[in-house]
Amino acid sequence: MTTITPQILLKAYASGVFPMAESADDSALYWVEPEYRGLIPLDRFKVSRSLRKVCRRQLFEVRIDTAFDGVIDACAARTPDRDTTWINDRILALYKQLFKMGFCHSVECWQDGQLVGGLYGVRIGAAFFGESMFTRERDASKVALVHLVARLRVGRFKLLDAQFINDHLKQFGAIELPRADYHELLEEALQTDAEFHTFTGDSDGEEVLRLALD
């Protein structure tokens, strides 16, 4: 079995490649470089009218990097609607190491002291590579995504990589780019400095929406 270290993982992301597993029960990892890459353009991020209302109501307390292990474990967990995931033990260990090294972040939605939704991803330069999200309360992961985009925009990020797009991500304006076009954007993002802003999660909902959409 090939040893993949956090350092190798960072080099892979910088080359446009990321790891996956067949299932949580399969210990093997394989490298993926899609012919068409999913992106969420930060300058064309879309928020539905109903989600705007949810954000303004501030149903969740949004925190950053306070429960990374909890978020990735929840993304890997089986649910009644999902018998298995692609996040196996090796992926869990690698990304938890990346978090300790400062290259991973989690955006978390809390309600009544419970972690009810969130997402995590990898940050290199001005590129953020979204990995997975979960929700235990309606719209929690969507609110986490709005807060992520707000922080990326404030921090002058150039790229929000969604890897693959689906109908869920299309509602936020996700698009597909050919591999060559993606690499051009990636190279520019890696050569640019950016800051992952951690302004307080209880920021007014209107302000978060403005930062995510303006």
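Please read all numbers here as calculations on a predicted model, not as lab measurements.

Conventions adopted
Residues numbered from 1 in each chain as written. Predicted model: local features only at pLDDT ≥ 70, side-chain atom pairs only at ≥ 80, totals over all residues. Heavy atoms only, no water. Pairing = 2+ DSSP bridges. Helix = DSSP H or I, 4+ residues; strand = E, 2+ residues; numbered from the N terminus. Axes fitted to C-alpha atoms, helices over the stretch in contact; angles between N-to-C directions. Contact = heavy atoms within 4.5 Å. Parallel < 35°, antiparallel > 145°, perpendicular 65-115°, else oblique. Nonpolar A, V, L, I, M, F, W, Y, C, P; charged D, E, K, R; others polar.

Colleague: Lay out the sheet that holds strand 8 (residues 159-163) in plain terms, naming residues and giving numbers.
Modeller: In spatial order, the strands read 4-5-6-7-8-3-9; together these seven strands make up an open sheet with mixed pairing. Edge positions in the open sheet fall to strand 4 (61-64) and strand 9 (175-178), since each of these has one partner strand only. On average, each strand axis in the sheet is inclined to that of its neighbour by 35°, with strand direction left out of account. Relative to strand 8, strand 7 (residues 127-135) runs parallel, the two sharing three bridges. Bridge pairing in strand 8 places Phe 129 opposite Asp 161. Running over the sheet, helix 1 (residues 6-14) touches strand 6 (114-124), strand 7 and strand 8 and is turned about 75° from strand 6. This element, helix 3 (residues 68-76), spans strand 5 (104-111), strand 6 and strand 7 of the sheet and lies at about 100° to strand 6.

Colleague: So what about the packing of helix 1 against helix 4 (residues 89-100)? Which residues, and what values?
Modeller: Close contact between helix 1 and helix 4 brings their axes to 10 Å; oriented N to C, the two are set at 85°. Considering their axes alone, helix 1 and helix 4 lie roughly perpendicular with respect to each other. Residue-level contacts link Pro 6, Leu 9, Leu 10 and Tyr 13 of helix 1 to Leu 94, Tyr 95, Gln 97 and Leu 98 of helix 4. Here the contact of helix 1 with helix 4 is built from residues that sort into seven nonpolar, one polar and no charged.

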